[in-house]
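Each chain is listed here by its residues.
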Amino acid sequence: MARRIDVTGADGVRLAAWEFGDPAKAGPDPGERAVPDAPGVLLLHGLMGRASHWASTARRLSARHRAVALDQRGHGRSEKPPEGAFTRDAYVDDVEAALEQLGLGPAVLVGHAMGALTAWQLAAKRPDLVRGLVICDMRASALGGASQREWAEWFASWPVPFATLADVRKWFGEDDPWVERPNPARGEFYAEVMAESPDGWRPVFDPDQMLRSRETWVYDAHWEELAQVRCPALVVRGLDGELGRAEAQEMVRVLPRGQYAEVADAGHLVHYDQPEAWLAAIEPFLDSLDGE
């Protein structure tokens with residue numbers, strides 16, 4: 001079960017947050033949380049993602065935590081203002097506002113890719129709101145202009161509109177030039193960010209807004225903010241993901257209280273590729289925070 005909670009982000013942007021829980025564990029009051037006063041966990045998706053990508057993780061964590069996933073601006077059910085700010089500051093300010101309005105802080109932030117960058121930047125800015133971090137497959141190094149051009153070309157290559165969701169799954173799971181070998185989990189991941197329109201299936205986000213969002217971090221390195229994070233932080237990488245082992249271990253070294261975990265047989269979409277192994281990697285870390 002997921003309950004939608006509307007929050008207001010920076011500049012008045014409307015954001016959709018989703019609180020997950022197991023209805024079998026709920027109390028007699030439909031609004032009552034399964035675990036009253038449970039420690040908060042806020043889950044932040046990556047670029048092009050949405051809160052529902054965290055559903056299995058959030059439901060598992062909801063047994064002992066108040067687990068909430070946020071549709072970030074421009075994504076999912078949150079507002080996508082055509083002239084809105086898609087800057088680093090805007091994303092960080094949105095999460096800060098969401099934590100305060102939801103009453104989650106101090107919370108553990110679990111972030112994938114762009115969501116992980118937002119998480120550690122907020123932890124550096126507002127240590128009072130963040131008691132722990134899980135950083136999933138996000139690099140701290142600058143990616144550079146070539147990377148941004150590759151992404152623009154990749155978006156242009158999408159054969160939109162897709163006639164069916166099966167076509168979405170097949171293209172992103174098999175036919176996409178960026179796919180080295182068939183990956184059904186990747187196809188499912190992208191099927192979840194498509195919506196039916198009169199002429200077929202299109203992404204629920206605006207690719208131009210995604211490029212604008214990405215442009216605000218790819219040219220810069222982010223080591224300085226990592227060094228400013230004072231809470232415990234777990235860096236998780238998929239063995240075949242975008243974050244290399246050497247860089248991940250350097251991130252752990254730079255983080256004042258960094259830890260490291262690696263998930264085998266997983267690429268960039270760690271929590272989709274190997275959901276059980278992903279949970280096995282993060283749950284001991286979360287348990288250690290709850291014991292502090």
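A brief report on the enclosed structure follows. (Residues numbered from 1 in each chain as written. Predicted model: local features only at pLDDT ≥ 70, side-chain atom pairs only at ≥ 80, totals over all residues. Heavy atoms only, no water.)

This part is about the overall build of the protein. Looking only at helices and strands, the protein features 11 helices and 10 strands. On C-alpha atoms alone, the protein measures out to a radius of gyration of 18 Å, which is about the 19 Å that the 2.2 N^0.38 rule sets for 292 residues. Scored against the burial criterion, the 292 residues of the protein give a buried share of 54%. Considering only intrachain contacts with a sequence separation of at least 6, the fraction spanning at least 24 residues in the protein is 72%. Looking at the protein as shown, the accessible area adds up to about 12300 Å², and 49% of this sits on carbon and sulfur atoms. Treating the 31 positive side-chain charges of the protein as one cloud and the 46 negative ones as another, the clouds have centres 2 Å apart. (Helix = DSSP H or I, 4+ residues; strand = E, 2+ residues; numbered from the N terminus. Rg over C-alpha atoms; globule rule 2.2 N^0.38 Å. Buried < 20%, exposed > 50% of the residue type's maximum accessible area, 1.4 Å probe, protein only. Contact = heavy atoms within 4.5 Å. Areas by Shrake-Rupley, 256 points an atom, 1.4 Å probe, with all protein chains shown as cover. Lys, Arg positive; Asp, Glu negative; His and termini not counted. Charge placed at Lys NZ, Arg CZ, Asp CG, Glu CD.)

Where helix α2 (residues 88–102) contacts helix α3 (residues 114–125), the axes come no closer than 9 Å and their chain directions differ by 70 degrees. Here α2 is positioned roughly perpendicular relative to α3, judged by the angle of their axes. Residues R88, Y91, V92, D93, V95, E96 and L99 of α2 touch α3, and the partners they reach there are M114, L117, T118, Q121, L122 and K125. Taken together, the residues that form the contact of α2 with α3 break down as seven nonpolar, two polar and four charged. (Axes fitted to C-alpha atoms, helices over the stretch in contact; angles between N-to-C directions. Parallel < 35°, antiparallel > 145°, perpendicular 65-115°, else oblique. Nonpolar A, V, L, I, M, F, W, Y, C, P; charged D, E, K, R; others polar.)

Scanning all chains against the criterion turns up 23 salt bridges. Among the salt bridges present, the one from R3 reaches E19, with a minimum N-O distance of 2.9 Å. Within this pair, whereas R3 is found in strand β1 (residues 2–8), its partner E19 is found in strand β2 (residues 14–20), the two being separated by 16 residues in sequence. On the accessibility criterion, E19 (7% relative accessible area) is buried. E262 serves as the salt-bridge partner of R245, at 2.7 Å between the closest nitrogen and oxygen. Of the two residues, R245 is situated in helix α9 (residues 245–254) and E262 in strand β10 (residues 258–263); the sequence distance between them amounts to 17 residues. The class of R245 is partly exposed, set by a relative accessible area of 40%. (Salt bridge = Lys/Arg side-chain N within 4 Å of Asp/Glu carboxyl O.)

A few words now on the sheet that holds strand β6 (residues 130–136). One open sheet holds the eight strands; their spatial order is β1-β2-β4-β3-β5-β6-β9-β10, and the pairing between them is mixed. What marks the edges here is a single partner per strand, and that holds for β1 and β10. The mean angle between the axes of side-by-side strands here comes to 20 degrees, regardless of whether they run parallel or antiparallel. Packed onto the sheet, α9 meets β6, β9 (233–238) and β10 and runs at close to 155 degrees relative to β10. Helix α11 (residues 275–290) rests against β5 (107–112), β6, β9 and β10 of the sheet, and its axis sits at about 165 degrees to β6. (Pairing = 2+ DSSP bridges.)

Structural measurements only, silent on function.
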